[in-house]
Amino acid sequence: MVKFENVTKSFGTITALDRVSFKIEKGEFVFVIGPSGAGKSTLIKLILKEYLPTEGTIQVDEVNLNEIPKKKIAEYRQKIGVVFQDFKLLGDGTVFENVALALRVLGKKPDEIEKKVATILDLVGLKDRAPFFPSQLSGGELQRVCLARAVVAEPDIILADEPTGNLDLGTGREIVELLKKINSTGKTVIMATHNFEIVNLLSQRVIELDKGKVISDQKKGKYHLK
Amino acid sequence: MKDHWRTTWTHMRRTPYQALAAILIMFLTFLISMVFVLTAGGFQIVLRYFETRPQVTAFLKDEATSSQVDAIKAKLAQTGKVKEVRYVSKEEALSIYREQNKNDPLLLEMVTANILPASLEVSTEGLTHLNEVAQILRDEQAVEEVIFQEDVVKTLDQWTKNIRRIGLGLMGFFGLVSILIILVIIGMKITLRKDEIEILQLLGASRWYIRVPFVLEGLFYGAVGAFLAWGIIYLLLLYLTSFILSFFQGISLLPVSPIFMLILLGTELIAGIVIGSLGSLLAVKRYLK
């Protein structure tokens, strides 16, 4: 469960999020939509505890993020998988090594890592790309590596920050379908996007932000360009 | 830990010149340290050698009687400042002279026991007693002349002290330089790997998971630098043994005991590990907030 209560995040005089409140239940698939600068990425970074809210409280699985000490942030982040728009992959690591990294930081044993990475690469359709380096992959493949890394450790929550931002519609659709597949296993998926075609493709909950405020929260929402 | 060592190795392989620079500076620090440790140790042995030699020699008049010699011995013993007194007769003096000049027959001709004086060779308990003992001997009627090696021993003592001081100063200075260089190199590596560190942090890697490879890197540089310095010094010692022995004839400076060298290796390795780890820990603390 992810709960925002009157969350405000300011950067100097700029207010990125303004008294935002919502609650996302376990196992939900939620799109956070809005134009550039609406506050979508800030919201994702707040959940990831990259930022601290200026005001208000954020609860993730009954834990108030404001109360998590610095030393425990790493432990908290291990429960969350993140997919980034710019992939954030190690350029000098292979596909296998990049995905394995999420398990290595958890201290998993090599044979367990090998098994899990193989399974997840199979799931995202990159089994044959395991020894490839990021520079040898297409944009869609890179995003699938990123997705594999986000889910390999079986986190409860998957955050995706504009995962289709650098992809064409067809590839973006594949990524979202993969996210939906992961969601069907009971994982909570929160995806920030401004891609209306992707949002309209799936009938899912949509939280719409504009200028840092929640302007709509629909159960089976659509994204209408203004 | 295997995982961390693998990461450390990857870090070093990707920036080999920085790794080489770090190892070289550590090598230089330990090379200088070992040169000074061994030189100071050598001087200590030379000093001890001179301290154990008879430091005061009193040449006796030809008419000196054995009762006078015994009286002098007793007087010296009473002071409590004398370790040993040895009487060297004219005949013994001649055989010593012959031994010392055996390769020069010209010097051996015409010299008989009669022209060489008998003497008393005195070792004192400490260098501070030399003057006092020499004065007692000078006051004796049976004594013709007194000579003592005060200057040699004092100079050696001063040299040993100076070498120790300069050595400690240089060791401290280079130790500090090494720590700073490791700090800068590891700092640069942290900056270069900023993106990778950010990814690790976002994936939930603990602080220590991120820090350990950098600390291990500093530790590795220190240990390798220390080991190389030890190896080079040991080889040099073995190579120069015959030269050193011929230079310091009669003083058993070499060979250095292998156990001593192993203890030295252990100490250097520990110091290397401490210096390397300290430099990298400071870098990690400074650059990985």
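Quick note: structure is the one above.
Summarised in this report is the structure supplied together with it.

What counts, and where the lines are drawn
- Residues numbered from 1 in each chain as written.
- Chains lettered and ligands numbered in written order.
- Predicted model: local features only at pLDDT ≥ 70, side-chain atom pairs only at ≥ 80, totals over all residues.
- Heavy atoms only, no water.
- Helix = DSSP H or I, 4+ residues; strand = E, 2+ residues; numbered from the N terminus.
- Buried < 20%, exposed > 50% of the residue type's maximum accessible area, 1.4 Å probe, protein only.
- Contact = heavy atoms within 4.5 Å.
- Phe/Tyr/Trp six-rings, centres within 6.5 Å; stacked < 30°, edge-to-face > 60°.
- Lys NZ or Arg CZ within 6 Å of the ring centre and 35° of its normal.
- Pairing = 2+ DSSP bridges.
- Axes fitted to C-alpha atoms, helices over the stretch in contact; angles between N-to-C directions.

1. Observations concerning the side chain of Gln18 of chain B
By secondary structure assignment, the location of Gln18 of chain B is in helix 2 (residues 16-52). Since its relative accessible area comes to 16%, Gln18 of chain B is described here as buried.

2. Focus on the environment of Phe43 of chain B
Residues and elements named next belong to chain B. Position of Phe43 among the secondary structure elements: in helix 2. The class of Phe43 is partly exposed, set by a relative accessible area of 22%. Counting along the chain gives 143 residues from Phe43 to Ile186, while the straight-line C-alpha distance between them is 39 Å. Beyond its immediate sequence surroundings of up to four residues, Phe43 is in contact with Leu156, Trp159, Thr160 and Ile163.

3. Side note on the packing of aromatic side chains
In this description, a pair of aromatic rings is defined by centroid distance and the angle of the planes. In total, this model carries six aromatic pairs over all chains according to the counting rule given. Here a set of aromatic residues connected by ring pairs shows up, and it is made of Phe227, Trp230 and Tyr234 of chain B. The side chain of Lys88 of chain A reaches across the aromatic face of Phe84 of chain A, ending 5.5 Å from its centre. Positioned above the aromatic ring of Phe132 of chain A, the side-chain terminus of Arg129 of chain A is 5.2 Å from the ring centre.

4. Some details on the sheet that holds strand 2 (residues 82-88) of chain B
Residues and elements named next belong to chain B. Strand order in this open sheet of four strands is 2-3-1-4, and the pairing throughout is antiparallel. Of all the strands in the sheet, just strand 2 and strand 4 (143-148) have a single pairing partner and so form its edges. With strand direction ignored, the average angle separating the axes of adjacent strands in the sheet is 15°. Across six bridges, the pairing between strand 2 and strand 3 (residues 119-124) is antiparallel. The residue bridging Val85 from the neighbouring strand is Val122, located in strand 3.

Read these as spatial facts, not as claims about activity.
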